[in-house]
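Each chain, written out:
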Amino acid sequence: MKRIITIVLMLPLAAMAWAQSVSALDLLKADPRRAYGTDYPYSFTTKQLTKAPKGYKAFYLSHYGRHGSRYYWNANLYREMETLLTAQHEKKNLTAAGEAFYQKFMVAKDELANGVSELSDLGWEQHQQIARKMYNTFPDIFKKGGNVYAISSLTGRCVLSMASFCSELTQCNPKIEIRQESARKVLDGVKPDDRQNPIRHKYPKSRPRFEDNRKQFQFSDTTFRQRIVARVFNRTDSLSNINHIGSNLINLYTSLPSIGHEGMMGNIITDEEIASQWENDNLGSYTWVFEPRYDMIPILQDIIKKADAVLNGSSDNIADLRFGHDTCLGPLTVLMGLNGADKDPVDPYEVKNCYQNWETGKASNLQVVFYKGKKGPDDILVKCLLNGEEVTLPVPTTQAPYYKWSDFRKFYTDRCNSIKDEG
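As the structure is a prediction and not an experimental result, all values here were calculated from the model. (Residues numbered from 1 in each chain as written. Predicted model: local features only at pLDDT ≥ 70, side-chain atom pairs only at ≥ 80, totals over all residues. Heavy atoms only, no water.)

**Things to note about the layout of surface pockets**
The method is simple in principle: a probe with the dimensions of a water molecule rolls over the atoms, and the space it marks as empty is what remains. Keep this limit in mind: Using protein atoms alone on a 1 Å grid, points that fit a 1.4 Å probe yet trap it form a cavity, whereas open point sets bounded by protein on both sides within 12 Å along at least five of seven lines form a pocket; residues with an atom within 4 Å of a point count as lining. Grid points are joined across faces, edges and corners, and a volume is the space filled by probe spheres set on the points. By the criteria applied, helices consist of DSSP H or I runs no shorter than four residues and strands consist of E runs no shorter than two, each listed in order from the N terminus. Any residue that is not Ala, Val, Leu, Ile, Met, Phe, Trp, Tyr, Cys, Pro, Asp, Glu, Lys or Arg is counted as polar, Gly included; the first ten are nonpolar and the last four charged.
Within this model, the largest pocket holds a volume of roughly 620 Å³. Lining the largest pocket are 29 residues, and of these Y36, I250, N251, T254 and D281 lie nearest its centre. Looking at the lining of the largest pocket, the elements with two or more residues in it are α7 (224-232), α8 (242-255), α10 (278-290) and α12 (326-336). No other element matches the five residues that α8 contributes to the lining of the largest pocket. For the lining of the largest pocket, the class distribution of residues is nine nonpolar, 14 polar and six charged. Computed from the structure, the second largest pocket encloses a volume of approximately 530 Å³. Contributions of two or more residues to the lining of the second largest pocket are made by β1 (57-66), α4 (121-137), α5 (139-142), β5 (365-372) and β6 (380-386). The element contributing the most residues to the lining of the second largest pocket is α4, with four residues. Of the residues in the lining of the second largest pocket, the class split is 13 nonpolar, eight polar and six charged.

Written as structure tokens, this is what we have:
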């Protein structure tokens, strides 16, 4: 399999303000595949992390990770593509590029149909590499071994992502003992909105404010899907719902790198064309993660509860791991306000500056790292990494990216308690 895990350019951070000095659009230009959004395969960075203040050592880590790269989640995409391409091939209505695409698709169609929604080889590898990097980045936590508790949603690709991650951790150090669990009783800490969760929640939903001004966003390229369709078919006048066909082609294209078939569609679509649509697509993504943000309160509460247990001595875990979905991690980043994701701008052009949907791509993850000082049991700092990069929080601090645990705990406990659960 051709590996597509890449080294990406990092965001320089202003030393005092901790603001991004590289814009989202510049990052997109550097790596157009970011425009795949939640289909973006995980990229590993070489960014140097800020050293902990003198006297502090990492001792515990709390994590939430999305499953790794997978086949497309909906079988209808593959079925509709096969039906359409076959019919138009028989009518000799495929362009040369369309015919080449058809031949490659038909070779892979059984694999695609059988793989729907399942973890790919790349998805397994991503979690192996994330686990090893986490181990190497925080040796003070893991080098002596210890107990780790890992939970997963009930979905197979999440369970396998957990298995990959945990097996790699124990390969790094056989002294690490990991309890893995995927059960309804743990859903509140990993996928609280699952219908099978025995604990019922009903949190309020709200639209982001920019939606009231969305018409102000000027997006002129409304023919993109039609142009793509015209590259596959000689005549399009007899095709029904061309925009839907175009969306299927785009969804297939952005999913192919996750399963090792990125050359299947030739030049029918390019990364640069997908990137030209990104800011508009990102608006939809922000609404998608903003509205259910409060549904992720149980995950944030689980992070706090398990950290409390470690700090008060009722748990001896060195790490707590969670494996779930973009539908949880995306809203969680908004709930926590990572890098300003909770700013809720009025101006649609400002959305890209507080949220970028590629941060919730395949195998994306949040790591909350705890550091112990020398001034007693309450001398605890935390910092958060999103996909391996340090992030800012809406918590007051004088030493970003490090925050006092007491401030972190109070801020997020108050935020969670301010929202009424009517479930």
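**Topic: the packing of aromatic side chains**
Counted only if it meets this: Put simply, two rings from Phe, Tyr or Trp (the six-membered ring, in Trp's case) pair if the centres are within 6.5 Å, and we call them stacked under 30 degrees between planes, edge-to-face over 60, tilted for the rest. Between buried and exposed lies partly exposed: a residue is buried under 20% and exposed over 50% of the maximum accessible area for its type, with that area taken using a 1.4 Å probe on protein chains only. Throughout this description, the term charge over a ring refers to an Arg CZ or Lys NZ atom that lies within 6 Å of the ring centre and within 35 degrees of the ring normal.
Tallied over the full model, the rule gives 17 aromatic pairs. Look at Y72 and W73: their rings are 5.8 Å apart centre to centre, the planes differ by 35 degrees, and that puts the pair in the tilted class. Relative to F105, the ring of F101 has its centre 6.2 Å away and its plane inclined at 75 degrees; by these criteria the two rings are edge-to-face. Of this pair, F101 and F105 are both found in helix α3 (residues 96-115), four residues apart, which corresponds to roughly one turn of the helix. The pair formed by F101 and F105 is uniform in burial state, with each residue classed as buried. Through successive ring pairs, a cluster of aromatic residues spans Y60, F370, W405, F408, F411 and Y412. Over the face of the ring belonging to F290 we find R293, whose NZ or CZ atom lies 3.8 Å from the ring centre. In this arrangement the basic side chain of R293 is found over the ring face of Y294, its NZ or CZ atom lying 4.2 Å from the centre.

**Describing empty space enclosed by the protein**
Taken as a whole and judged by the stated rule, the model has two cavities of 30 Å³ or more. Of the pockets and cavities examined, the second largest cavity occupies roughly 90 Å³. Lining of the second largest cavity is provided by eleven residues; of these, L338, C354, Q356, E359 and L386 occupy positions nearest its centre.

**A word on the pairing of strand β3 (residues 176-181)**
On a regular strand, each side chain points to the face opposite its neighbour's, so the side chains alternate between the two faces of the sheet. What counts is decided by this rule: Here the rule is simple: two strands pair whenever DSSP picks up at least two bridges between them. Assignment of crossover handedness uses the view with strands pointing away from the viewer, where a clockwise path from the first strand over the helix to the second indicates a right-handed crossover.
Note: strand β2 (residues 146-152) against β3, six bridges, orientation parallel. Bridge assignment links A150 to a residue of β3, and that residue is Q180. Handedness of the β-α-β unit built from β2, helix α6 (residues 156-172) and β3 comes out right-handed.

**Comments concerning the nonpolar core**
Test applied: Nonpolar core, defined: a set of buried Ala, Val, Leu, Ile, Met, Phe, Trp, Tyr and Cys residues in which side-chain atoms within 4.5 Å join the residues together. In this description, contact between two residues means that some pair of their heavy atoms is separated by no more than 4.5 Å.
Counting 41 residues, the largest nonpolar core has F101, L249 and I269 as the members making the most contacts within it. Those residues in contact with L249 that sit more than four places away from it in its chain are M81, F101, I228, V229, V232, M265 and I269. Membership of the second largest hydrophobic core comes to 40 residues, among which are V190, L338, F370 and W405.

**Topic: the side chain of E181**
Mapped onto the fold, E181 is located in strand β3. Among residues more than four places away in sequence, those in contact with E181 are Y149, A150, I151, S152, M162 and V186.

**Some thoughts on the packing of helix α11 (residues 297-311) against helix α13 (residues 405-417)**
Under the convention used in this document: Only the stretch in contact is used when fitting a helix axis, every axis being a line fitted to C-alpha atoms; angles between N-to-C directions are given from 0 to 180 degrees. Crossing handedness is read from the near helix: turned anticlockwise from the far helix by less than a right angle, it gives a left-handed crossing, and turned clockwise, a right-handed one.
Running from N to C, α11 and α13 cross one another at 145 degrees; their axes reach a closest spacing of 10 Å. Viewed along their axes, α11 and α13 form a crossing whose handedness is left-handed. Residues I297, L300, Q301, I304, A307, D308 and L311 of α11 lie in contact with α13, whose contacting residues are W405, R409, Y412, T413, C416 and N417.

**Side note on the environment of S276**
Under the convention used in this document: The term polar contact refers here to a pair of N or O atoms within 3.5 Å; inside protein, the definition further demands a hydrogen-donor-capable atom paired with an acceptor-capable atom, and it admits residues adjacent in sequence only when both atoms are side-chain atoms.
Structurally, the position occupied by S276 is in helix α9 (residues 271-276). The class of S276 is partly exposed, set by a relative accessible area of 46%. Put simply, S276 and D39 are 237 residues apart on the chain and 16 Å apart in space, counted from C-alpha to C-alpha. For S276, the contacting residues outside a window of four places in its chain are F219 and D221. Separated by 3.0 Å, the side chains of S276 and Q277 make a polar contact.

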